[in-house]
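Geometric and topological summary
Listed here are the chains, written in short residue letters.
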2 protein chains.
Amino acid sequence: MIAKTPKPPYYAVIFSSVKSENTEGYNDMALKMLKLASEQPGFIGVESAREEVGITVSYWENLEAIKNWKANFEHKEAQKLGRKQWYSCFKTRICKVEHDYGKQN
Amino acid sequence: MIAKTPKPPYYAVIFSSVKSENTEGYNDMALKMLKLASEQPGFIGVESAREEVGITVSYWENLEAIKNWKANFEHKEAQKLGRKQWYSCFKTRICKVEHDYGKQN
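All values derive from a computational prediction rather than experimental measurement.

Quick look at the overall build of chain A now. When helices and strands are counted, chain A shows three helices and four strands. Going from the N terminus to the C terminus, chain A shows its helices and strands as β-α-β-β-α-α-β. Here the C-alpha atoms of chain A give a radius of gyration of 14 Å, agreeing with the 13 Å that 2.2 N^0.38 yields for 105 residues. Considered along the principal axes of its C-alpha atoms, chain A spans approximately 40 × 30 × 20 Å. Considering chain A as a whole, with its 105 residues, one finds that 45% of them fall into the buried category.

With 99% of its residues at a pLDDT of 70 or more, chain A has an overall mean of 97. Scored as a whole, the predicted complex attains pTM 0.97, and scored at its interfaces, ipTM 0.97.

Our next topic: the packing of aromatic side chains. To describe a pair of aromatic rings, you give the distance between the ring centres and the angle between the ring planes. Taken as a whole and judged by the stated rule, the model has 16 aromatic pairs over all chains. For the ring pair A:Y10 and A:Y59, a centre distance of 6.0 Å and an interplane angle of 70 degrees mean the geometry is edge-to-face. Placement of the pair is A:Y10 in strand β1 (residues 10-19) and A:Y59 in strand β3 (residues 54-60), with a sequence separation of 49 residues. Residue class for A:Y10 comes out buried when judged on its relative accessible area of 1%. Arranged with centres 6.2 Å apart and planes meeting at 55 degrees, the rings of B:Y87 and B:F90 form a pair that is tilted. Through a chain of ring-to-ring contacts, the aromatic side chains of A:F15, A:Y26, A:W86, A:Y87 and A:F90 assemble into a single cluster. Seen from the ring of B:Y101, A:K70 lies directly overhead, with NZ or CZ sitting 4.2 Å from the centre.

Quick look at the nonpolar core now. Residues A:I14, A:I55, A:V57, B:I14, B:I55 and B:V57 are the most contacted members of the largest nonpolar core, which totals 28 residues. Elements supplying a minimum of two residues to this core: β1, β3 and β4 (87-103) of chain A together with β1 (10-19), β3 (54-60) and β4 (87-103) of chain B. Not counting chain neighbours up to four residues away, the residues in contact with B:I14 comprise A:A12, A:I14, A:V57, A:Y59, B:I55, B:T56, B:V57, B:K91, B:T92, B:R93 and B:C95.

Okay, the environment of A:A78 next. Residue and element names in this part refer to chain A. For A78, the position within the fold is in helix α3 (residues 73-86). Residues A78 and A30, 48 residues apart in the sequence, show an inter-C-alpha distance of 8.6 Å. The residues touching A78, leaving out its near neighbours within four places in the chain, are M29, M33 and W86.

Examined bridge by bridge, β1(A) and β4(A) share 10 bridges and lie antiparallel to one another. Its bridge partner lying in β4(A), A:F15 is registered against A:T92. As judged from the 13 bridges shared by β4(A) and β4(B), these two strands associate in the antiparallel manner. Bridge pairing in β4(B) places A:K103 opposite B:F90.

On to unusual backbone geometry. Here A:P8 and A:P9 are connected by a cis peptide whose omega angle stands at 5 degrees. Within the secondary structure, A:P9 is located in the segment before β1.

To continue, consider the relation of the copies chain A and chain B. The transform that puts chain A on chain B rotates by 180 degrees and translates by 0.0 Å along the axis, for an RMSD of 0.0 Å. In the structure described here, the two chain copies are related by an operation that fits a two-fold rotation axis. The fraction of interface residues of chain A whose copies in chain B are also interface residues reaches 100%, indicating that both copies meet through the same surface.

Ordered in space as β2(A)-β3(A)-β1(A)-β4(A)-β4(B)-β1(B)-β3(B)-β2(B), the eight strands form an open sheet in which the pairing is antiparallel. Pairing within the sheet leaves two strands with one partner each, and these edge strands are β2 (43-50) of chain A together with β2 (43-50) of chain B. Neighbouring strand axes in the sheet, compared pairwise and without regard to direction, differ in orientation by 25 degrees on average. Those strands touched by α3(A) are β1 and β4 of chain A together with β4 of chain B, and its axis lies near 125 degrees from that of β4(A).

Calculation rules
- Residues numbered from 1 in each chain as written.
- Chains lettered and ligands numbered in written order.
- Predicted model: local features only at pLDDT ≥ 70, side-chain atom pairs only at ≥ 80, totals over all residues.
- Heavy atoms only, no water.
- Helix = DSSP H or I, 4+ residues; strand = E, 2+ residues; numbered from the N terminus.
- Rg over C-alpha atoms; globule rule 2.2 N^0.38 Å.
- Buried < 20%, exposed > 50% of the residue type's maximum accessible area, 1.4 Å probe, protein only.
- pLDDT = per-residue confidence, 0-100.
- Phe/Tyr/Trp six-rings, centres within 6.5 Å; stacked < 30°, edge-to-face > 60°.
- Lys NZ or Arg CZ within 6 Å of the ring centre and 35° of its normal.
- Core = buried A, V, L, I, M, F, W, Y, C linked by side-chain atoms within 4.5 Å.
- Contact = heavy atoms within 4.5 Å.
- Pairing = 2+ DSSP bridges.
- Least-squares fit on C-alpha atoms with pLDDT ≥ 70 in both.
- Axes fitted to C-alpha atoms, helices over the stretch in contact; angles between N-to-C directions.

This is how it looks when you write it as C-alpha coordinates:
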(Lines give C-alpha, C1' and ligand atoms only; values in the text may rest on other atoms or scores of the structure.)
Protein backbone atom coordinates (compact mmCIF):
# COMPACT_ATOMS: atom_id res chain seq x y z
CA MET A 1 0.00 0.00 0.00
CA ILE A 2 2.95 2.27 0.65
CA ALA A 3 4.90 2.22 -2.59
CA LYS A 4 8.27 0.51 -2.56
CA THR A 5 10.59 3.09 -4.03
CA PRO A 6 14.33 3.02 -4.77
CA LYS A 7 17.01 5.19 -3.19
CA PRO A 8 16.46 8.85 -4.17
CA PRO A 9 16.55 10.65 -6.45
CA TYR A 10 13.37 9.56 -8.21
CA TYR A 11 10.25 11.48 -9.19
CA ALA A 12 6.75 11.89 -7.77
CA VAL A 13 3.60 13.22 -9.40
CA ILE A 14 1.21 14.48 -6.75
CA PHE A 15 -2.28 14.66 -8.24
CA SER A 16 -4.79 16.36 -5.89
CA SER A 17 -8.42 16.66 -6.89
CA VAL A 18 -11.93 17.46 -5.72
CA LYS A 19 -14.68 15.69 -7.59
CA SER A 20 -17.59 17.47 -9.24
CA GLU A 21 -21.13 16.16 -8.90
CA ASN A 22 -20.97 14.49 -12.31
CA THR A 23 -18.74 11.48 -11.76
CA GLU A 24 -20.40 9.07 -14.18
CA GLY A 25 -17.75 6.75 -15.59
CA TYR A 26 -15.11 7.98 -13.17
CA ASN A 27 -14.45 4.80 -11.19
CA ASP A 28 -14.03 2.59 -14.26
CA MET A 29 -11.66 5.10 -15.82
CA ALA A 30 -9.66 5.51 -12.61
CA LEU A 31 -9.07 1.75 -12.42
CA LYS A 32 -8.20 1.58 -16.11
CA MET A 33 -5.69 4.43 -15.80
CA LEU A 34 -4.11 2.90 -12.71
CA LYS A 35 -3.52 -0.34 -14.62
CA LEU A 36 -2.27 1.48 -17.70
CA ALA A 37 0.08 3.71 -15.69
CA SER A 38 1.59 0.68 -13.95
CA GLU A 39 2.47 -0.78 -17.38
CA GLN A 40 4.41 2.30 -18.52
CA PRO A 41 8.22 2.32 -18.74
CA GLY A 42 9.73 4.02 -15.72
CA PHE A 43 6.70 3.50 -13.45
CA ILE A 44 7.71 2.65 -9.87
CA GLY A 45 4.52 2.64 -7.80
CA VAL A 46 1.46 4.54 -6.65
CA GLU A 47 -0.37 5.52 -3.45
CA SER A 48 -3.90 6.86 -3.35
CA ALA A 49 -6.55 8.00 -0.86
CA ARG A 50 -9.66 10.12 -1.07
CA GLU A 51 -11.74 11.95 1.54
CA GLU A 52 -12.81 15.53 0.82
CA VAL A 53 -9.78 15.79 -1.39
CA GLY A 54 -8.32 12.91 -3.37
CA ILE A 55 -4.55 12.49 -3.44
CA THR A 56 -2.82 10.12 -5.83
CA VAL A 57 0.95 10.05 -5.78
CA SER A 58 2.67 8.11 -8.55
CA TYR A 59 6.41 7.49 -8.50
CA TRP A 60 8.61 7.43 -11.60
CA GLU A 61 12.23 6.79 -12.47
CA ASN A 62 12.71 10.03 -14.38
CA LEU A 63 10.99 13.05 -15.97
CA GLU A 64 10.96 11.42 -19.40
CA ALA A 65 8.71 8.64 -18.08
CA ILE A 66 6.31 11.23 -16.60
CA LYS A 67 6.25 13.17 -19.87
CA ASN A 68 5.49 10.01 -21.85
CA TRP A 69 2.69 9.02 -19.51
CA LYS A 70 1.15 12.50 -19.73
CA ALA A 71 1.23 12.19 -23.54
CA ASN A 72 -0.22 8.65 -23.66
CA PHE A 73 -3.26 8.67 -25.97
CA GLU A 74 -5.75 6.93 -23.66
CA HIS A 75 -4.49 8.93 -20.71
CA LYS A 76 -5.04 12.16 -22.65
CA GLU A 77 -8.67 11.19 -23.24
CA ALA A 78 -9.05 10.55 -19.50
CA GLN A 79 -7.39 13.89 -18.70
CA LYS A 80 -9.90 15.68 -20.95
CA LEU A 81 -12.86 14.06 -19.20
CA GLY A 82 -11.33 14.82 -15.82
CA ARG A 83 -10.82 18.49 -16.65
CA LYS A 84 -14.27 18.95 -18.22
CA GLN A 85 -16.48 16.70 -16.16
CA TRP A 86 -15.18 14.82 -13.15
CA TYR A 87 -13.14 17.38 -11.22
CA SER A 88 -14.34 20.68 -9.83
CA CYS A 89 -10.68 21.45 -9.22
CA PHE A 90 -7.37 19.66 -9.41
CA LYS A 91 -3.65 20.27 -9.23
CA THR A 92 -0.79 18.22 -10.62
CA ARG A 93 2.65 18.72 -9.11
CA ILE A 94 5.80 17.23 -10.61
CA CYS A 95 8.43 16.68 -7.95
CA LYS A 96 11.92 15.38 -7.53
CA VAL A 97 12.19 13.20 -4.42
CA GLU A 98 15.48 14.22 -2.88
CA HIS A 99 15.42 12.33 0.41
CA ASP A 100 13.27 9.74 2.14
CA TYR A 101 13.07 7.63 5.29
CA GLY A 102 10.56 5.49 7.10
CA LYS A 103 9.57 2.17 8.58
CA GLN A 104 8.31 -0.37 6.10
CA ASN A 105 7.39 -4.04 6.00
CA MET B 1 -8.87 21.81 0.35
CA ILE B 2 -6.35 21.79 -2.45
CA ALA B 3 -3.47 23.84 -1.11
CA LYS B 4 -2.82 27.20 -2.70
CA THR B 5 0.85 27.10 -3.58
CA PRO B 6 3.14 29.66 -5.21
CA LYS B 7 4.92 29.34 -8.54
CA PRO B 8 7.51 26.52 -8.36
CA PRO B 9 10.05 25.81 -7.09
CA TYR B 10 8.77 25.04 -3.60
CA TYR B 11 8.96 21.91 -1.47
CA ALA B 12 6.60 19.07 -0.59
CA VAL B 13 6.77 16.52 2.20
CA ILE B 14 4.78 13.43 1.28
CA PHE B 15 3.99 11.48 4.45
CA SER B 16 2.38 8.10 3.71
CA SER B 17 1.30 5.84 6.55
CA VAL B 18 -0.69 2.79 7.53
CA LYS B 19 -2.10 2.84 11.04
CA SER B 20 -1.49 0.08 13.57
CA GLU B 21 -4.32 -1.23 15.75
CA ASN B 22 -3.26 0.94 18.67
CA THR B 23 -4.33 4.44 17.66
CA GLU B 24 -5.22 5.80 21.10
CA GLY B 25 -4.50 9.51 21.17
CA TYR B 26 -3.81 9.64 17.44
CA ASN B 27 -6.63 11.93 16.32
CA ASP B 28 -5.98 14.57 18.96
CA MET B 29 -2.29 14.58 18.15
CA ALA B 30 -2.91 14.74 14.39
CA LEU B 31 -5.07 17.85 14.82
CA LYS B 32 -2.55 19.43 17.19
CA MET B 33 0.34 18.81 14.78
CA LEU B 34 -1.66 20.17 11.85
CA LYS B 35 -2.24 23.40 13.74
CA LEU B 36 1.36 23.60 14.93
CA ALA B 37 2.76 22.92 11.44
CA SER B 38 0.62 25.68 9.98
CA GLU B 39 2.17 28.15 12.44
CA GLN B 40 5.77 27.37 11.41
CA PRO B 41 7.85 29.77 9.32
CA GLY B 42 7.89 28.71 5.69
CA PHE B 43 4.69 26.65 5.86
CA ILE B 44 2.55 27.04 2.73
CA GLY B 45 -0.31 24.56 3.02
CA VAL B 46 -1.38 20.95 3.47
CA GLU B 47 -3.58 18.30 1.87
CA SER B 48 -4.61 15.07 3.55
CA ALA B 49 -6.71 11.97 2.90
CA ARG B 50 -6.86 8.49 4.40
CA GLU B 51 -8.33 5.21 3.19
CA GLU B 52 -6.20 2.06 3.49
CA VAL B 53 -3.20 4.30 3.32
CA GLY B 54 -3.07 7.83 4.70
CA ILE B 55 -1.36 10.51 2.63
CA THR B 56 -0.54 13.93 4.02
CA VAL B 57 1.32 16.33 1.76
CA SER B 58 2.60 19.52 3.34
CA TYR B 59 4.09 22.31 1.25
CA TRP B 60 7.01 24.48 2.36
CA GLU B 61 8.98 27.42 1.03
CA ASN B 62 12.40 25.77 1.42
CA LEU B 63 14.33 22.84 2.92
CA GLU B 64 15.32 24.88 5.98
CA ALA B 65 11.65 25.22 6.97
CA ILE B 66 11.18 21.44 6.63
CA LYS B 67 14.28 20.76 8.69
CA ASN B 68 13.11 23.12 11.45
CA TRP B 69 9.67 21.54 11.55
CA LYS B 70 11.18 18.05 11.78
CA ALA B 71 13.28 19.25 14.73
CA ASN B 72 10.39 20.99 16.54
CA PHE B 73 10.24 19.65 20.11
CA GLU B 74 6.51 18.84 20.24
CA HIS B 75 6.65 17.41 16.74
CA LYS B 76 9.54 15.15 17.76
CA GLU B 77 7.43 13.74 20.59
CA ALA B 78 4.63 13.07 18.10
CA GLN B 79 7.08 11.42 15.69
CA LYS B 80 8.27 9.07 18.46
CA LEU B 81 4.70 8.00 19.27
CA GLY B 82 3.96 7.57 15.57
CA ARG B 83 6.99 5.38 15.02
CA LYS B 84 6.45 3.26 18.14
CA GLN B 85 2.69 3.06 18.43
CA TRP B 86 0.41 4.51 15.77
CA TYR B 87 1.90 3.42 12.46
CA SER B 88 2.53 -0.13 11.30
CA CYS B 89 4.51 1.44 8.49
CA PHE B 90 5.20 4.89 7.12
CA LYS B 91 7.37 6.71 4.63
CA THR B 92 8.38 10.36 4.52
CA ARG B 93 9.54 11.77 1.20
CA ILE B 94 11.13 15.21 0.87
CA CYS B 95 10.54 16.61 -2.63
CA LYS B 96 11.28 19.66 -4.69
CA VAL B 97 8.20 20.68 -6.70
CA GLU B 98 9.62 21.60 -10.08
CA HIS B 99 6.47 22.16 -12.11
CA ASP B 100 2.72 22.32 -11.53
CA TYR B 101 -0.56 22.99 -13.33
CA GLY B 102 -4.26 22.56 -12.71
CA LYS B 103 -7.69 24.04 -12.45
CA GLN B 104 -8.47 25.73 -9.16
CA ASN B 105 -11.17 27.88 -7.62
